[in-house]
Amino acid sequence: MSLRIEHLAPGDPRLADFAALRERAGYAAAPDDELRAGTECLVAYADGAPVARLALEVAPELHGVPGPTGLVGWYEATDAEAGVALLCRAREVLAERGVARVLGPMNGSTWKRYRLALPPAPGEAVPHPFLTEPVNPPEYPEHFEGAGFTVAAEYESRIAFRPEDGAEVPADDSLDRYGIAVHPIDPGRFDEELREVFDLSLAAFAGNLFYTPIGFDEFSSAYRKIRPLLDPELVRLARSADGRLLGFVFAFPDPLDPAGGGHRRVVLKTLATSPEARGMGLGGHLTREVHRIAFARGAPAVIHALMQVANASTRISGRHRGELFRRYALYGWMP
C-alpha cells in the first residue's frame, strides 16, 4: 500500500475528500460537526484514494490540565494502518508546537462531539444508539491505542427501566425549604429562557474536566437544531423564590428508539445545577421529575446519557437502578 498524508489548507478542493470520509466510514446518520474557519485538516491517501482523516488545533487552556493542549478531532478511517499513521502524524505535528498533551477525539471542545463509544465486553449486549450519542466503528479505540494513546477519561451511559413494581425513588420536600419551584420550559419564551440556560451552563460546567467556555451563538445553534424534539414537560427549570434559574434538566423522547411508536425511551441529556444550589438535592429532584413524567406517559426506560464515571450524575443514576448502557473513552498522549 502506497500511503501519503496531505495537509489541506482552507479552500483546498480536496476538502471534499475530507467530507466524504465520514460516509465512507460506514455511518452517516448523524451530521458532521461544522469545522471552524481555518481548522487544519489532514487526509491520508492509500494508492490515491482517501482512507483516513482528522483535524487538529491547539487549545490554549482547558480546565484541569494546565498548558496548551493539542486536540485531534473529526477522526474517520476506512483503513486501520492509515488511521494509525495519521494519528501518529498528528501527534508529531502538535508536539512540535509545544503542547503539553494531545487529546482525542474531540471536535474542538467538549461542547461538540468527543469521546469514542467502546465495544461491549464479552457477553454484554449491543444496544441501539440514542440520539446525541457518539457513534463510531468498534475498531476506532484500537486505532488510538495503536498510535500510542491511552485512556484519559472514562464515561458511561446508564439506562433505568420503568419499575414493574411501580416503586419510584421517593420524593422529598427539601426544595420547599429553599423556596425553589420547578416548572416546564415555556416555548413562548424559548429565546429568553435559553439565554438563562446558557448562563447557568457556563457556571455549572466550569469545573468539568477539559472544559472551555463558548459563546451564546454557538450554544444556541446546537439547541436550536434539536428544538423540533422539544417536549416542554421534559425540560424542567428550577427557580429560586426571586426567579433566578438555579438548575435545569433537558430530556427528550428518543427518535432513534428501535421500538418506535408512541412510547419511546427518554434520553436525559443534560442535568445542571448552579454552584450556589449544590447540596440541596436539586439534581436528584430534577431527575425524579423526568422519570415521573416519562413513565407516566408509558416510556419503557430513561437513558442517563454520557456521564463522566464517578461524578454526581452516576450516583443519582444508581438511585434509579440505572444499568450500564454503554462505555466511552477520551484518549490522551503526552509528548
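In this text the structure is predicted, and so the values were computed from the model without any measurement.

### Observations concerning the overall build of the chain
- In terms of helices and strands, the chain carries eight helices and 13 strands.
- In terms of overall size, the chain behaves like a compact globule, its C-alpha atoms giving a radius of gyration of 21 Å where 335 residues would be expected to give roughly 20 Å.
- Summarising its shape, the C-alpha atoms of the chain cover approximately 65 × 40 × 35 Å along the three principal directions.
- Burial analysis of the chain (335 residues in total) assigns 49% to the buried set.
- In the chain, the proportion of contacts linking residues at least 24 apart, taken out of those at least 6 apart, comes to 74%.

### Quick word on the packing of aromatic side chains
- Applying the stated rule across the entire model yields 14 aromatic pairs.
- Centre to centre, the rings of F219 and Y223 are 4.8 Å apart; their planes meet at 35°, and the pair counts as tilted. With F219 and Y223 both in helix α6 (residues 216–225) and four residues apart, the pair spans about one turn of that helix. Y223 shares its class with F219; the two are buried.

### Some words on the pairing of strand β9 (residues 235–239)
- Of all five residues that make up β9, five are buried, and the element is covered over most of its length.
- Burial along β9 is two-sided: V235, L237 and R239 facing one way and R236 and A238 facing the other are all buried.
- Bridge count for strand β8 (residues 181–184) against β9 is four bridges, and the pairing is antiparallel. Within β9, the residue paired with A181 across the bridge is R239.
- Hairpin connection of β9 to strand β10 (residues 245–253): five residues between the antiparallel strands, including G243 at a positive phi of 90°.

### As for the layout of surface pockets
- Within this model, the second largest pocket holds a volume of roughly 420 Å³.
- Around the second largest pocket, the lining is made up of 22 residues, and of these L118, P120, V126, P127 and R326 lie nearest the centre.
- Every element with two or more residues in the lining of the second largest pocket is listed here: β7 (150–161) and β13 (323–333).
- The element that contributes the greatest number of residues to the lining of the second largest pocket is β13, accounting for five residues.
- The class makeup of the residues in the lining of the second largest pocket is 16 nonpolar, one polar and five charged.

### Observations regarding α6
- Turning to α6, its buried residues are F216, F219, S220 and Y223. Summarising the axial view, the buried residues of α6 lie within an arc of 90°, below the 170-degree limit, and thus occupy one face. Opposite the buried face of α6, at more than 90 degrees from it, the exposed residues are D217 and K225.
- If you follow the buried residues of α6, they end up packed against α5 (190–204), β10 and β11 (266–273).

### A short note on unusual backbone geometry
- The amide bond that connects G104 to the next residue, P105, takes the cis arrangement and shows omega of -5°.
- Among the secondary structure elements, P105 is positioned in the loop between β5 (101–104) and β6 (116–117).
- Of note in this structure, T132 is not a glycine but carries a positive phi near 85°.
- Its location among the elements puts T132 in the loop between β6 and α3 (140–146).
- Despite not being glycine, F210 has its phi angle at roughly 70°, a positive value.

Conventions we followed
Residues numbered from 1 in each chain as written. Predicted model: local features only at pLDDT ≥ 70, side-chain atom pairs only at ≥ 80, totals over all residues. Heavy atoms only, no water. Helix = DSSP H or I, 4+ residues; strand = E, 2+ residues; numbered from the N terminus. Rg over C-alpha atoms; globule rule 2.2 N^0.38 Å. Buried < 20%, exposed > 50% of the residue type's maximum accessible area, 1.4 Å probe, protein only. Contact = heavy atoms within 4.5 Å. Phe/Tyr/Trp six-rings, centres within 6.5 Å; stacked < 30°, edge-to-face > 60°. Pairing = 2+ DSSP bridges. 1 Å grid on protein atoms, 1.4 Å probe; cavity = no way out; pocket = protein on both sides within 12 Å on 5 of 7 lines; lining within 4 Å. Points joined across faces, edges and corners; volume = space filled by probe spheres on them. Nonpolar A, V, L, I, M, F, W, Y, C, P; charged D, E, K, R; others polar. Arc of directions from axis to C-beta.

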